[in-house]
Amino acid sequence: MLDTLNVNLGARSYPIHFAEDLSGEVKLQVEALGAASRRVAVVTDRNVATIQAATLQRLFGNAPSLIVPPGEESKSVAELGRVLDFLADEGLDRSGAVFAVGGGVVGDLAGFAAASYLRGVDYYQVPTTLLAMVDSSVGGKTGVNLKAGKNLAGAFHQPRGVFIATGFLKLLPPREFAAGMAEVIKSALLGDRLLFGDLERAPLAVGDLRLAWTVRVCCGLKARLVEADERELAEGGGRALLNLGHTFGHAIEQVTGYGTYLHGEAVAVGLCAAARLSLRLGLIGQAEVARVERVVGSHFLPTRLRVPLAIDALMAAMAHDKKARAGRLRFIVLEALGAAAVRRDVPPAEVEAVWREVGCA
Ligand SMILES: NC(=O)c1ccc[n+]([C@@H]2O[C@H](COP(=O)([O-])OP(=O)(O)OC[C@H]3O[C@@H](n4cnc5c(N)ncnc54)[C@H](O)[C@@H]3O)[C@@H](O)[C@H]2O)c1
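I will try to describe carefully the structure that is included in this document. (Residues numbered from 1 in each chain as written. Predicted model: local features only at pLDDT ≥ 70, side-chain atom pairs only at ≥ 80, totals over all residues. Heavy atoms only, no water.)

1. A few points about the overall build of the protein chain
Piece 1. Within the protein chain, the secondary structure is distributed over 14 helices and eleven strands.
Piece 2. By the compact-globule yardstick of 21 Å for 361 residues, the protein chain fits well, its C-alpha radius of gyration being 20 Å.
Piece 3. Across its three principal directions, the C-alpha atoms of the protein chain cover 60 × 40 × 35 Å.
Piece 4. Out of the 361 residues in the protein chain, the part that is buried amounts to 57%.
Piece 5. The long-range share in the protein chain, meaning contacts at least 24 apart out of those at least 6 apart in sequence, stands at 73%.
Piece 6. Accessible surface, the protein chain: about 14600 Å² in total, of which carbon and sulfur atoms supply 54%.
Piece 7. Separation of charge centres in the protein chain, based on 39 positive and 38 negative side chains, amounts to 2 Å. (Helix = DSSP H or I, 4+ residues; strand = E, 2+ residues; numbered from the N terminus. Rg over C-alpha atoms; globule rule 2.2 N^0.38 Å. Buried < 20%, exposed > 50% of the residue type's maximum accessible area, 1.4 Å probe, protein only. Contact = heavy atoms within 4.5 Å. Areas by Shrake-Rupley, 256 points an atom, 1.4 Å probe, with all protein chains shown as cover. Lys, Arg positive; Asp, Glu negative; His and termini not counted. Charge placed at Lys NZ, Arg CZ, Asp CG, Glu CD.)

This is the structure in structure tokens:
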């Protein structure tokens, strides 16, 4: 029987399906849409289109597809325009459906196009990276980057279904697998100490029997947070906790230029920075910080900046973060390894001190 987890959001509820291979299920979905005279369009990136050419042909047949360049730079206003023009050129009407087949970049970009095309059409997520499987394909956050910062234009638009086929990970480059592990470690740190303990006992690798379980645990945790706080409005935590490590991480990505650090690599340094900030605020001890760094490092992820960056530039980038309100930054901090909280009262001097500790000049 198909392993399925439901994200319960009333009229916007949807299933997440899990298996090693979900070709049959995706194909059935495409055929069902076709049988209802609904047009289907596929958005993917060049790497996925090349590596998974045969699978894409099997799933989508002759459905129109748009191939975007791989990497973070495709999460741009220019590329969004290309996707929207493509949907219009292919004559999708409001009954049409978009399939986002790829990593978080394709999911965020195609999802935002689906959110805005004709004021919203359906879309389905077929994540092909670990990061997209454990995080970005679930929850309906879509968007692109602006020059001023990461994810500054976007929309909440829940997919109609998510197909998580872990078989896609077999050909994922090791560096991309590691980047996905940053979001796994994040999930463990913010809400699942058993998962953290498991990662601490032995690092997770492709082909590991624990992988399918781990992906499901992360999706379950994210689904619960999204169900409780779909639009990230809860004051005392809620969905915002998923941003653990991201205020630091987004600043690193922005200052170094997108692509220097993979998103997950920037988040990895961000997790270590968040742990150090939590120590400075007296929430956790030095031993916990060391444990976070050990788990991050054992998954081939950076715990510190690779080359020193200017603190001023990082602080300025943080001020642009869309989570900043009335000039105050919001930080997700650790109260324990497996429990996180939101803090809006962090003195800038403490943040600067943390930047120095993780390798700033
Ligand atoms: N929407 C959300 O809730 C959310 C959450 C977390 C992260 N994100 C976003 O996700 C993005 C990062 O996603 P990502 O790490 O998946 O990056 P990505 O989409 O750039 O994919 C990483 C690389 O792997 C390649 N690739 C994809 N699938 C492959 C496969 N099966 N085999 C071989 N190569 C494959 C891609 O072509 C790309 O080069 C960031 O923009 C981040 O902001 C969004």
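2. Here's the deal with the pairing of strand 4 (residues 65–68)
Piece 1. Of the two faces of strand 4, the one lined by L66 and V68 is fully buried and the one lined by S65 and I67 carries no buried residue.
Piece 2. Examined bridge by bridge, strand 3 (residues 40–45) and strand 4 share four bridges and lie parallel to one another. Bridge assignment links V43 to a residue of strand 4, and that residue is L66. (Pairing = 2+ DSSP bridges.)

3. Concerning helix 11 (residues 263–280)
Piece 1. In this model, helix 11 (18 residues) spans 25 Å end to end at C-alpha, consistent with the 26 Å of a helix rising 1.5 Å per residue.
Piece 2. When you tally the buried positions in helix 11, you get 16 out of 18 residues, the bulk of the element.
Piece 3. Two residues or fewer after helix 11 comes G282, characterised by a positive phi angle close to 75°. (Expected span 1.5 Å × (residues − 1).)

4. Thoughts on the site of the ligand
Piece 1. The environment of the ligand is made up of 28 residues, and the closest members are D45, E72, G104, T128 and T129.
Piece 2. Separating a nitrogen atom of the ligand from a side-chain N or O atom of T128 is a distance of 2.7 Å.
Piece 3. Coverage of the ligand by the protein chains reaches 92% of its 870 Å² of free accessible surface.
Piece 4. Taken together, the elements giving at least two residues each to the shell around the ligand come down to helix 2 (46–51), helix 5 (104–116), helix 6 (130–136), strand 8 (149–156) and helix 7 (174–191).
Piece 5. Looking at the shell around the ligand residue by residue, the class counts come to nine nonpolar, nine polar and ten charged. (Near = heavy atom within 4 Å. Polar contact = N/O pair within 3.5 Å; in protein donor to acceptor, adjacent residues only side chain to side chain. Nonpolar A, V, L, I, M, F, W, Y, C, P; charged D, E, K, R; others polar.)

5. With respect to the packing of helix 4 (residues 77–89) against helix 5
Piece 1. Packing of helix 4 against helix 5 brings their axes to within 9 Å, and their N-to-C directions diverge by 55°. If you check the angle between helix 4 and helix 5, you find them oblique. The two elements helix 4 and helix 5 cross, and the hand of that crossing is right-handed. Counted together, E79, L80, V83, L84 and L87 of helix 4 and L109, F112, A113 and S116 of helix 5 form the full contact between these two elements.
Piece 2. A breakdown of the residues in the contact of helix 4 with helix 5 according to their chemical character gives seven nonpolar, one polar and one charged. (Axes fitted to C-alpha atoms, helices over the stretch in contact; angles between N-to-C directions. Parallel < 35°, antiparallel > 145°, perpendicular 65-115°, else oblique. Left-handed = near helix turned anticlockwise from the far one by under 90°.)

6. Description of the sheet that holds strand 4
Piece 1. Spatially, seven strands are ordered 1-2-9-6-5-3-4 in an open sheet, and the strand pairing comes out mixed. Each end of this open sheet is capped by a strand with a single partner; those strands are strand 1 (3–7) and strand 4. This sheet shows a mean twist of 15° between the axes of neighbouring strands, independent of strand direction.
Piece 2. Pairing of strand 5 (residues 97–102) with strand 6 (residues 122–127) involves six bridges; the strand directions are parallel.

7. What about the nonpolar core?
Piece 1. Counting 76 residues, the largest nonpolar core has F99 and L130 as its most contacted members.
Piece 2. Not counting the four nearest positions on each side in its chain, F99 is found in contact with V26, Q29, V30, L33, V40, A41, V42, V43, F60, Y124 and V126.
Piece 3. Ranked by size, the runner-up nonpolar core spans 25 residues in total, among them A273, L277, L305 and A317. (Core = buried A, V, L, I, M, F, W, Y, C linked by side-chain atoms within 4.5 Å.)

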